[in-house]
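Notes for the structure review
Residue-level listing of the chains:
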There are 2 protein chains.
Amino acid sequence: MATAFVPSTTLRLRPYSTLRCLSFYPKNLTKPYPVFPPLIRRSPISPRRFFSSVISGALHSGERTKSELAEKQKGQMGSKVGEFRKKLKIVDVKGGPDEGLDRVGLMIVVAGWVRTLRAQSSVTFIEVNDGSCLSNMQCVMTSDAEGYDQVKSGLITTGASIWIQGNVVPSQGSKQKVELKVNKIVLVGKSDPSYPIQKKRVSREFLRTKAHLRPRTNTFGAVARVRNALAYATHKFFQENGFIWISSPIITASDCEGAGEQFCVTTLIPSSREAVESPVDAIPKTKDGLIDWSQMIEPELAFADLKDDMACATAYLHILNLWGQPIGGAGLGCQQTVFSLEIFDNFSGCMVQRGFSLLVKWGCDLQSEHERYLTEEAFGGCPVIVSDYPKEIKAFYMRQNDDGRTVAAMDMLVPRIGELIGGSQREERLEYLEGRLDELKLNRDTYWWYLDLRHYGSVPHAGFGLGFERLVQFATGVENIRDAIPFPRTPGSAEF
Amino acid sequence: MATAFVPSTTLRLRPYSTLRCLSFYPKNLTKPYPVFPPLIRRSPISPRRFFSSVISGALHSGERTKSELAEKQKGQMGSKVGEFRKKLKIVDVKGGPDEGLDRVGLMIVVAGWVRTLRAQSSVTFIEVNDGSCLSNMQCVMTSDAEGYDQVKSGLITTGASIWIQGNVVPSQGSKQKVELKVNKIVLVGKSDPSYPIQKKRVSREFLRTKAHLRPRTNTFGAVARVRNALAYATHKFFQENGFIWISSPIITASDCEGAGEQFCVTTLIPSSREAVESPVDAIPKTKDGLIDWSQMIEPELAFADLKDDMACATAYLHILNLWGQPIGGAGLGCQQTVFSLEIFDNFSGCMVQRGFSLLVKWGCDLQSEHERYLTEEAFGGCPVIVSDYPKEIKAFYMRQNDDGRTVAAMDMLVPRIGELIGGSQREERLEYLEGRLDELKLNRDTYWWYLDLRHYGSVPHAGFGLGFERLVQFATGVENIRDAIPFPRTPGSAEF
């Protein structure tokens with residue numbers, strides 16, 4: 001069938017005229033699609049239902065009238081693209097207020113993975129999980145169910161994927177309100193006996209070597225769902241507050257933080273083509289040396305100062321807390337407390353009592369132990385905002401306060417994690433910005449566009465960055481940040 | 001003031017007991033924040049209002065009773081973090097159905113950038129844009145407005161940022177329903193006369209060298225807003241259909257597409273520390289050689305085949321179309337048409353009539369000119385899905401059809417752009433997958449985890465990838481994909 005496209009007829013297929021009947025365009029519309037759509041123009045057509053058609057089988061070429069062709073095509077191409085429907089998942093059944101009792105009597109299909117199978121004398125219990133929630137569907141079957149032979153022959157093991165049809169019935173057990181009385185079971189994919197995630201608990205270290213399978217455990221499944229809920233809540237919050245999402249590049253020729261640790265991204269084209277070097281950048285890294293790919297949550301507010309910045313960060317974290325169930329009620333709320341570093345001059349004693357390995361001195365950054373002391377002990381487990389840091393320990397672009405020695409920076413500290421958010425009002429005044437660059441011996445030319453913005457209608461503005469992985473870590477309680485990331489990357493580790 | 005934290009007193013500050021009065025926790029809660037929150041537990045506390053307190057000024061250390069301390073702190077730390085409120089923007093005023101007439105009489109503040117200024121004998125018109133929509137706010141002022149001297153002295157020029165307070169009044173002009181009668185104007189940031197975006201049209205090529213300023217033009221501001229709306233619609237669609245967002249790494253040691261063009265990310269740590277090489281990856285690139293950072297829209301559907309995949313892609317694009325206004329009514333709708341590559345065997349003539357520079361032959365991939373012909377001409381400007389490609393031109397992981405020579409792959413083509421979406425059912429059968437790896441001389445060991453997934457409960461699954469930049473290009477009508485990206489990156493260009 002390796003036929004070339006050789007001219008054979010003069011047919012010019014114009015299926016539009018024939019297929020239009022399947023769409024809901026107004027009859028008087030001569031062109032169904034504006035080929036060069038104008039920018040920001042409202043569609044003259046009100047929302048309409050959507051139909052699609054599938055062309056299958058062969059067309060016969062040759063001269064014929066449009067209407068003949070239309071009839072031909074209608075006959076041969078008339079089947080539709082299937083409608084896309086959200087599938088019923090276990091969370092849809094069991095996640096409601098009555099935990100599934102409203103679906104009693106319904107016949108449903110559950111497709112998922114076997115967590116456990118217990119065969120009793122007359123009845124077999126299979127716990128199935130489909131990834132939609134922590135809860136399994138308990139499936140109860142007797143020997144008269146279609147496909148029971150697969151259970152009997154030992155094919156349905158932990159880790160296997162199955163398709164089960166049955167009726168929702170009230171459960172006899174105390175662990176769930178409903179269960180599935182199985183009519184039919186189909187093994188979709190068997191699971192080798194070497195399946196590494198058996199019922200007994202396996203260590204997180206071990207699971208890091210099985211990153212492709214660990215979402216099937218309770219913990220990592222939950223972390224994935226919390227992560228997802230936090231990400232969506234983030235988008236929703238900023239959209240609803242008038243922010244515009246911009247995907248900014250993580251590769252830049254400028255060293256944003258002056259941190260000095262730089263990456264070089266190099267295009268290595270194999271074989272004969274020359275290697276092309278592309279620019280140096282400053283990919284953000286976490287304290288643990290992980291490449292922090294997901295610092296994207298970096299809102300910037302125009303016509304705003306540090307107080308607006310704090311208020312925004314606080315409202316954002318507060319909103320996350322309101323998304324009660326999916327996030328797991330980790331309790332991000334509680335009052336935030338803001339204080340200036342100045343306060344250390346006056347109640348320093350309270351911190352030194354602790355015997356920190358590093359003393360806090362004016363001009364030194366807070367260490368993790370200080371941050372945790374502040375939020376976990378001094379402020380009784382509340383998030384705390386520390387503001388107005390010495391300018392020497394902060395980035396060049398932060399706005400200088402009138403005292404000449406501090407900048408309008410703020411960090412939000414939370415228990416267990418320490419710094420979750422770091423933000424600042426940015427320096428909008430050209431002369432101050434240039435002054436800082438010079439002090440830090442940074443080349444003005446490299447930052448030409450950043451300075452340029454101060455030439456043309458500069459405005460007070462502020463922003464913050466949130467470490468999304470830390471947020472996930474905070475919300476889920478996982479101890480190691482590697483376990484908050486689906487496929488963590490460290491130098492030398494990029495297997496998956 | 002570089003005071004060290006030296007022990008001076010035995011004070012252990014416990015502000016929680018004093019600050020709790022500001023929060024809405026139940027009185028009987030002894031700990032306001034669960035330090036190690038359990039996973040997936042509903043908060044026992046119903047949604048509560050949020051209060052924050054600012055500690056400012058100095059605390060005096062020393063022994064005192066808790067209640068004394070509480071009173072002291074209440075007095076000195078009692079101010080709150082400001083409430084975060086969405087700011088009124090021009091789109092909020094003018095974007096409603098009556099285009100602002102409902103706000104007539106209100107006094108509002110507009111903060112934004114001057115587009116134009118026209119001084120007439122008795123009245124001055126300033127067009128201000130705040131980036132929230134295409135439309136400017138026409139601000140009308142006479143010499144009695146506070147700050148008028150700044151206008152008179154020529155400080156308020158195109159590109160300057162200003163703060164204007166005034167009353168919404170019906171407009172005399174025909175271009176808008178309302179305008180602002182100015183009471184007060186404040187210059188926030190002046191604009192140098194060299195401001196490159198003057199009223200006369202500047203070329204897109206020129207603007208690419210001014211990526212930090214081009215969002216202030218009508219076109220690029222609109223592109224940014226469309227881009228934002230498309231991204232949010234994408235998140236919303238997939239969330240509402242039960243998908244879980246996973247941030248997968250773009251750095252991997254495996255060559256996913258077998259394309260061979262690889263990047264190497266190298267950590268270059270300056271000064272004395274050693275350079276650490278980290279893994280080779282396969283960063284996706286567009287046909288134009290742009291690094292395609294934003295291929296993240298890559299849904300995967302479990303328990304799904306190619307038809308489900310097509311249905312999902314079609315429903316997704318359809319949803320984008322329903323988001324009428326913000327996306328600009330580009331008309332993504334219209335019926336989708338699916339046909340198999342087989343059809344070429346029968347109506348090849350219709351394509352060859354065109355005199356393509358490359359003939360379409362079985363076993364060759366469609367070129368851009370063929371894709372555009374199909375969607376723009378053969379199907380009258382409708383999106384078209386082409387499916388079941390020869391396996392030789394597709395990636396190893398695509399599922400082999402029963403005919404032994406094609407794979408369950410599909411591409412959605414749209415006018416002007418060509419391929420917008422590419423998807424496939426994935427090969428879930430271990431023996432077929434291994435066979436393809438061997439055929440392509442790919443090392444099985446490299447793909448150990450991908451094969452592993454076929455050992456433990458493999459399921460039919462499908463997915464697609466959408467080039468987000470192309471979607472933006474398609475929805476906005478910009479000709480060059482570089483103009484659909486805020487800060488495009490090409491080898492050798494990473495200035496911003």
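Here is a short report on the structure shown in this document.

Conventions and cut-offs
- Residues numbered from 1 in each chain as written.
- Chains lettered and ligands numbered in written order.
- Predicted model: local features only at pLDDT ≥ 70, side-chain atom pairs only at ≥ 80, totals over all residues.
- Heavy atoms only, no water.
- Helix = DSSP H or I, 4+ residues; strand = E, 2+ residues; numbered from the N terminus.
- Buried < 20%, exposed > 50% of the residue type's maximum accessible area, 1.4 Å probe, protein only.
- Contact = heavy atoms within 4.5 Å.
- Areas by Shrake-Rupley, 256 points an atom, 1.4 Å probe, with all protein chains shown as cover.
- Pairing = 2+ DSSP bridges.
- Phe/Tyr/Trp six-rings, centres within 6.5 Å; stacked < 30°, edge-to-face > 60°.
- Axes fitted to C-alpha atoms, helices over the stretch in contact; angles between N-to-C directions.

**A word on the overall build of chain A**
Of the regular secondary structure elements, chain A holds 14 helices and 14 strands. Across the 496 residues of chain A, 53% fall into the buried class. Looking at chain A alone, contacts between residues at least 24 apart form 62% of all its contacts between residues at least 6 apart. Taken as a whole, chain A presents about 21,900 Å² of accessible surface, with 52% of it coming from carbon and sulfur.

**Considering the pairing of strand S13 (residues 418–426) of chain A**
All names here are of chain A. Of all nine residues in S13, seven are buried, a share of seventy percent or more. Relative to S13, strand S12 (residues 406–414) runs antiparallel, the two sharing six bridges. Considered in S13, the bridge of Met-412 is made with Ile-421. Where S13 lies against strand S14 (residues 461–466), six bridges are found, and the strand directions are antiparallel. Bridge pairing in S14 places Ser-424 opposite Gly-463.

**Regarding the packing of aromatic side chains**
Taken as a whole, this structure holds 26 aromatic pairs over all chains when the rule is applied. Summarising the aromatic geometry, the rings of Trp-449 of chain A and Tyr-450 of chain A are spaced 5.7 Å apart at their centres and angled 85° between planes, so their arrangement reads as edge-to-face. Each member of the pair, Trp-449 of chain A as well as Tyr-450 of chain A, carries the same accessibility label: buried. Each ring, one from Phe-237 of chain B and one from Phe-238 of chain B, has its centre 4.9 Å from the other, and the planes form 85°; the classification is edge-to-face. In this structure, Phe-237 of chain B and Phe-238 of chain B share a single accessibility class: buried. Each residue in the set Phe-84 of chain A together with Phe-237, Phe-238, Phe-243, Tyr-316 and Phe-464 of chain B is aromatic and connected to the rest through ring pairs, giving one cluster.

**Section: the sheet that holds strand S2 (residues 107–119) of chain A**
Residue and element names in this part refer to chain A. If you trace the five strands once around the closed barrel, you get S2-S3-S4-S6-S5, paired in mixed fashion. Taking the axes of each pair of neighbouring strands and ignoring which way they run, one obtains an average angle of 55° across the sheet. Note that S2 and strand S3 (residues 124–129) share six bridges and pair antiparallel. Paired with Leu-117 across the two strands is Ile-126, which belongs to S3.

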